[in-house]
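This is what each chain is made of:
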Amino acid sequence: MGDVLAGIHATWEFDTDSVLIRFERGIRTPKLFQSLRERRIPHAALSSVTLTPGKRGTVVLRAVPRPGADPLLEAAAGQLKDGSDPYRLVLPAERETLAEYYADELRALLGPDAAEPAERFLVAAPEAPMHFKAYDGRASFDGDRISFRWFWTGASTAKWKAGDQTFPVSELSGVEWRSPEAFDGYLRLVPRGAPSTDAGAGTGMSPVTGKGAVALRTDSAPPGPQSSAPRPTQADQDPAAVIFGLGYGPVHESLPFAAAVLESVRKRQSTPVAVSASAVWRDPADIAERIRHLGELHQAGLVTDDEFRAKKAQLLAEL
């Protein structure tokens, strides 16, 4: 597509096989967006596209990802508020017609399996090395190992006794991330074979009991030797966890950090299955309708003469 749609806090650039989302870095931009900077979302990772009224004279264009396609949303597990949803583009209400056009364009590019959960991550997680400052320590990830270095001003006695920690990705089964907007926030690493700290968590990707907390388990191996050792139920007592809260350090970086770790764990536990992209059949009636819609945008002055001719030629070439 090659077009650009600029909204509040973000700009979407439409490519032939993906949408590149670039986030602004202004003081009003949510901190999570500033941390992410930009993300490329393949069309294969999307299940649908919606356009709904927003607040105070705005409309919201949202690309809905397929379950299991994005490690960031898998780590967040439904805890993100609308304002921090990286798949939402907020636009002035007067741009609703243009937003509707791009929503239709994206819908036409969704594959036949859009309604199905993704078998593997299709959206790339932030790249290592990564680090962030929590309340009781500093977390670092180099792509192979996660390290926790405790702060004497915040770490509990249990963590001081255990000492600084290093966890190879190959020895982990997943992560638990709790939003700092809850009563308390934390990032906990789940070793292979270790029992969950919350009742009801199992293998696969099962939410655990408790508001806001989710355990992401990616292995199905039987319990190992570590499973006999009980894990602390409180994150501030667990050497495999760091804790944080609002107003302390760049905790917005904890979610991209968790997503990067989760993606690395998944890669080491399964071999990605090659997926071949099949050509999408274009309905002539659908293309005619899109050309008509494009003409309306052209007459309304929302699309330039050059853009109109280029887009019309591209649509006709799909017949």
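Residues numbered from 1 in each chain as written. Predicted model: local features only at pLDDT ≥ 70, side-chain atom pairs only at ≥ 80, totals over all residues. Heavy atoms only, no water.

Concerning the confidence of the model for the protein chain
So, step 1. With 79% of its residues at a pLDDT of at least 70, the protein chain reaches an overall mean of 82.
So, step 2. The model gives residues 198-228 a pLDDT under 50, and that stretch makes 71 contacts with residues more than four places away or in other chains.
So, step 3. This model gives residues 271-281 a pLDDT under 50, and the stretch forms four contacts once residues within four places in sequence are excluded. (pLDDT = per-residue confidence, 0-100. Contact = heavy atoms within 4.5 Å.)

Thoughts on the pairing of strand β2 (residues 10-14)
So, step 1. Residues A10, W12 and F14 line the buried face of β2, whereas the alternating positions T11 and E13 sit on a face that is not buried.
So, step 2. Where strand β1 (residues 4-6) meets β2, three bridges bridge the pair, whose relative direction is antiparallel. Following the sheet pairing, A6 is matched in β2 by T11.
So, step 3. Between β1 and β2, which pair antiparallel one after the other, the connecting turn spans three residues, and H9 there sits at a positive phi close to 80 degrees.
So, step 4. The pairing of β2 with strand β3 (residues 18-23) spans five bridges and is antiparallel. Paired with W12 across the strands is I21, a residue of β3.
So, step 5. Here β2 folds back onto β3, and the loop between the two strands holds three residues. (Buried < 20%, exposed > 50% of the residue type's maximum accessible area, 1.4 Å probe, protein only. Helix = DSSP H or I, 4+ residues; strand = E, 2+ residues; numbered from the N terminus. Pairing = 2+ DSSP bridges.)

Quick word on helix α5 (residues 254-269)
So, step 1. When the terminal C-alpha atoms of α5 are compared, their 23 Å separation across 16 residues agrees well with the 22 Å that a helix rising 1.5 Å per residue should span.
So, step 2. For α5, the buried fraction is high: 13 of the 16 residues fall into the buried class. (Expected span 1.5 Å × (residues − 1).)

Looking at the sheet that holds β3
So, step 1. Strand order in this open sheet of four strands is β1-β2-β3-β4, and the pairing throughout is antiparallel. Edge strands, defined here as strands with exactly one partner in the open sheet, are β1 and β4 (38-42). For this sheet, the mean inter-axis angle between neighbouring strands, taken without regard to orientation, is 15 degrees. (Axes fitted to C-alpha atoms, helices over the stretch in contact; angles between N-to-C directions.)

As for the packing of aromatic side chains
Two measures describe an aromatic ring pair: the distance that separates the ring centres and the angle between the ring planes.
So, step 1. Scanning all chains against the criterion turns up nine aromatic pairs.
So, step 2. Centre to centre, the rings of F132 and F244 are 6.0 Å apart; their planes meet at 70 degrees, and the pair counts as edge-to-face. Here F132, found in strand β8 (residues 130-133), pairs with F244, found in strand β15 (residues 241-244); they are 112 residues apart in sequence, far enough to count as distant. One exposure class covers both F132 and F244, and it is buried.
So, step 3. Put simply, the rings of W12, F14, Y101 and Y102 pair up and form one aromatic cluster.
So, step 4. If you follow R188 out to its NZ or CZ, it ends over the ring of Y186, 5.0 Å from the centre. (Phe/Tyr/Trp six-rings, centres within 6.5 Å; stacked < 30°, edge-to-face > 60°. Lys NZ or Arg CZ within 6 Å of the ring centre and 35° of its normal.)

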